[in-house]
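Residue strings, one per chain:
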Amino acid sequence: MGTLKEKFIEKALPLSAEIRQFVKENGQVPLGEFTVEDVYAGQKGIIGLLTETSLLDANEGIRFRGYSIPELRAKLPKVPGGTEPLPEGLFYLMLLGEMPTYDDVLEIQENWRNRSEVPAHVYASIDALPITTHPMTQFSIGIMAMQTDSKFAKAYRDGINKKDYWDPTYEDVCNLLARLPYVAAYIYRRTYKDNVHIAPKPELDWAANFAHMLGYDQVEFYKLMRLYLTIHADHEGGNVSAHTTHLVGSALSDPYLSFAAAMNGLAGPLHGLANQEVIRWIFEMRNEIGNAPSKEQIADYIHQTLKNGKVVPGYGHAVLRKTDPRFLAQQEFAKTYMADDELVNIVWNIYEVAPPILEGTGKIKNPWPNVDAHSGALLLHYGLNEYDFFTVLFGVSRALGVMASLMWDRALGLPIERPKSVTYEWLKNTVEAKKAKA
Ligand code: CMX
């Protein structure tokens, strides 16, 4: 008589092999518009979500309200004399579908500045956690602690009419966006800088003030942060963090609850956490091989990673089938400001070496780098080397896209999400019935 755990694996292992064989033999059997294979494929390619803020093309990459990343870099408002777009402007574009003027951006900055005071109990909640708590866990808990302030939750309790849902949602969304950089910077300084915090400079833009509160006041770092917070903001609706926001929000959970859930998804290593994993993987490679691995040594290390049943972080994508334009935008930035950086050059060498190896496996659908392959090296160049923190930066940016989308969910009155699920037994019976009929 085994334990529950032993009994589970005794059942799960053979069933997993049986199901693999079943899908191999019957994958193409249609189930309405979809096939048996689709049920096991994580809903890839199934059109079942409405997201207005951005649209992803497998070969071309992301477009925000029709604008590609290079177009955003050219057309979104910048600080006077600046070179990188202001992410507040991207929020305006995603929310309204119109390119903002610089004055529009200044208005958002002023609005968020006035909302930026984080209630003291939020910091106290974070402080209650062990200092070793992963920054993404601290971030999620900080967001949850802010939920006590939700205008939507209060309005719902007070009996708001459903046609007005958008209004308190807007208040929550703006409060959340205004406060996130403060919470994120607090976590960074608490965890890595002896709890010594830096007063904000409210006169700065959203990204530069965030950089300042983190403790990085180089003008180039401000530029990087504006670019970083722009390009990570949105990737249409089906990625885990965007989809989670929509799914949880569809139960009329307020923006804080929805966004905290999204951040728990972003903290997964196949999604946002990949940005820390890329650097961890490179550091482990350097520990094993030496600081400046040759392309041959990098190739060997990639083979070894695959042989050990691990993923090569920063490579592959569920939708993209070419190099991610967000990778290319960061590479362009690096060529301008840090072309000789040793780590950046390792990232570029991996880019040369990895794709043919990954393609050679015959199973990886996209052998090209995604956004996470490059971002860590840029941060490290400026001394931000605590890579466990990197996903928090991604999260601050992702809020712009998913919160703009949540506004539309509320304004359009989109219904609760409830896809149909089936069992393996159901699939087997359905396939057998179809075969008998044929
Ligand atoms: N290294 C090793 N194996 C990989 C791989 C990689 N970079 N990318 C895909 N594969 C494997 C998959 O694990 C899968 O293996 P099994 O059949 O054994 O399960 C197989 O190749 C087929 O996968 P796929 O259809 O090409 O890719 P998926 O849509 O299933 O997964 C993704 C996409 C991103 C999760 C995957 O490419 C991956 O794990 N990449 C590494 C992690 C990463 O960089 N994630 C960040 C993505 C961007 C983001 O969200 O921030």
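Up top you'll find the structure we're talking about.
A brief structural summary. Just so it is clear, the model here is predicted, and its values are computed rather than measured.

Cut-offs and rules
Residues numbered from 1 in each chain as written. Predicted model: local features only at pLDDT ≥ 70, side-chain atom pairs only at ≥ 80, totals over all residues. Heavy atoms only, no water. Helix = DSSP H or I, 4+ residues; strand = E, 2+ residues; numbered from the N terminus. Rg over C-alpha atoms; globule rule 2.2 N^0.38 Å. Buried < 20%, exposed > 50% of the residue type's maximum accessible area, 1.4 Å probe, protein only. Contact = heavy atoms within 4.5 Å. Lys, Arg positive; Asp, Glu negative; His and termini not counted. Charge placed at Lys NZ, Arg CZ, Asp CG, Glu CD. Polar contact = N/O pair within 3.5 Å; in protein donor to acceptor, adjacent residues only side chain to side chain. Pairing = 2+ DSSP bridges. 1 Å grid on protein atoms, 1.4 Å probe; cavity = no way out; pocket = protein on both sides within 12 Å on 5 of 7 lines; lining within 4 Å. Points joined across faces, edges and corners; volume = space filled by probe spheres on them. Nonpolar A, V, L, I, M, F, W, Y, C, P; charged D, E, K, R; others polar. Arc of directions from axis to C-beta. Near = heavy atom within 4 Å. Areas by Shrake-Rupley, 256 points an atom, 1.4 Å probe, with all protein chains shown as cover. Core = buried A, V, L, I, M, F, W, Y, C linked by side-chain atoms within 4.5 Å. Axes fitted to C-alpha atoms, helices over the stretch in contact; angles between N-to-C directions. Parallel < 35°, antiparallel > 145°, perpendicular 65-115°, else oblique. Left-handed = near helix turned anticlockwise from the far one by under 90°.

**Focus: the overall build of the protein**
Phase 1 of the analysis: Secondary structure assignment for the protein yields 20 helices and 5 strands.
Phase 2 of the analysis: Since a compact globule built from 438 residues should have a radius of gyration of about 22 Å, the 23 Å found for the protein is in line with a globular shape.
Phase 3 of the analysis: Along the first, second and third principal axes, the C-alpha set of the protein runs to 70 × 65 × 50 Å.
Phase 4 of the analysis: The buried share of the protein, reckoned over its 438 residues, is 51%.
Phase 5 of the analysis: Counting only contacts in the protein whose residues sit at least 6 apart along the sequence, the fraction spanning at least 24 positions is 73%.
Phase 6 of the analysis: Looking at the protein, you have 44 positive and 53 negative side-chain charges, and the mean spots of the two groups are 6 Å apart.

**Comments concerning the side chain of Ser116**
Phase 1 of the analysis: Mapped onto the secondary structure, Ser116 falls in the loop between helix H5 (102-113) and helix H6 (120-127).
Phase 2 of the analysis: For Ser116, the side chain forms a polar contact with the main-chain oxygen of Arg113, separated by 2.8 Å.
Phase 3 of the analysis: Setting aside chain neighbours within four positions, we find Ser116 in contact with Ala178, Arg179 and Tyr182.

**Let's talk about the sheet that holds strand E3 (residues 54-57)**
Phase 1 of the analysis: A sheet is described by the order of its strands in space; here 3 strands give the open sequence E3-E4-E5, paired in antiparallel fashion. Strands with a single pairing partner mark the edges of an open sheet, and in this sheet they are E3 and strand E5 (67-68).
Phase 2 of the analysis: For E3 and strand E4 (residues 61-64), the ladder comprises 4 bridges, and the chain directions are antiparallel. By the bridge assignment, Leu55 is partnered in E4 with Arg63.

**A short note on empty space enclosed by the protein**
Phase 1 of the analysis: Scanning all chains against the criterion turns up 4 cavities of 30 Å³ or more.
Phase 2 of the analysis: Considered as a void within the structure, the largest cavity measures approximately 130 Å³ in volume.
Phase 3 of the analysis: Taken together, 14 residues line the largest cavity, and the ones lying closest to its centre are Gln109, Arg113, Leu204, Trp206 and Asn209.
Phase 4 of the analysis: Of all elements in the fold, only H5, helix H9 (166-192) and helix H10 (206-214) reach the threshold of two or more residues within the lining of the largest cavity.
Phase 5 of the analysis: The residue inventory of the lining of the largest cavity, partitioned by class, reads 8 nonpolar, 3 polar and 3 charged.
Phase 6 of the analysis: The calculated volume of the second largest cavity comes to roughly 90 Å³.
Phase 7 of the analysis: Residue lining of the second largest cavity: 13 residues in total, with Thr51, Gly237, Ala242, His246 and Ser405 positioned closest to the centre.
Phase 8 of the analysis: Mapped by element, the contributors of at least two residues to the lining of the second largest cavity are helix H12 (240-249) and helix H19 (390-412).
Phase 9 of the analysis: Here the lining of the second largest cavity is built from residues that sort into 5 nonpolar, 6 polar and 2 charged.

**Some words on H6**
Phase 1 of the analysis: Those residues of H6 lying buried are Val122, Tyr123 and Ile126. Seen end-on, H6 carries its buried residues on one side only, within an arc spanning 95 degrees.
Phase 2 of the analysis: Residues of H6 that are buried in the fold lie against helix H7 (135-146) and H9.

**Things to note about the site of the ligand**
Phase 1 of the analysis: In the vicinity of the ligand lie 20 residues, with His271, Gly314, Lys363, Lys365 and Asp372 positioned nearest.
Phase 2 of the analysis: Between the ligand and Gly314, the relevant distance is 2.7 Å, taken from an oxygen atom to a main-chain nitrogen or oxygen of the residue.
Phase 3 of the analysis: With the chains in place, 75% of the 890 Å² that the ligand exposes on its own is no longer accessible.
Phase 4 of the analysis: Each residue belonging to the shell around the ligand can be placed in one class, and the counts come to 10 nonpolar, 5 polar and 5 charged.

**A word on the nonpolar core**
Phase 1 of the analysis: Phe139 and Phe259 are the most contacted members of the largest nonpolar core, which totals 110 residues.
Phase 2 of the analysis: The dominant element in this core, judged by the number of residues it contributes, is H9, at 13 residues.
Phase 3 of the analysis: If we skip the residues at most four places from it in the chain, Phe139 touches Leu180, Val183, Ala184, Ile187, Phe259, Met263, Val392, Gly395 and Val396.
Phase 4 of the analysis: Counting residues in hydrophobic clusters, the runner-up holds 9 residues, among them Ile19, Phe22, Val36 and Leu427.

**Topic: the packing of H7 against H9**
Phase 1 of the analysis: In the contact formed by H7 and H9, the axes pass within 10 Å of each other and the chain directions differ by 140 degrees. Regarding the angle of H7 to H9, the classification is oblique. In the crossing of H7 with H9, the sense of the turn from one axis to the other is right-handed. Contacts between H7 and H9 involve Pro135, Gln138, Phe139, Gly142, Ile143 and Met146 on the former and, on the latter, Leu176, Arg179, Leu180, Val183, Ala184, Ile187, Arg190, Thr191 and Tyr192.
Phase 2 of the analysis: Residues of the contact of H7 with H9, tallied by class, amount to 10 nonpolar, 3 polar and 2 charged.

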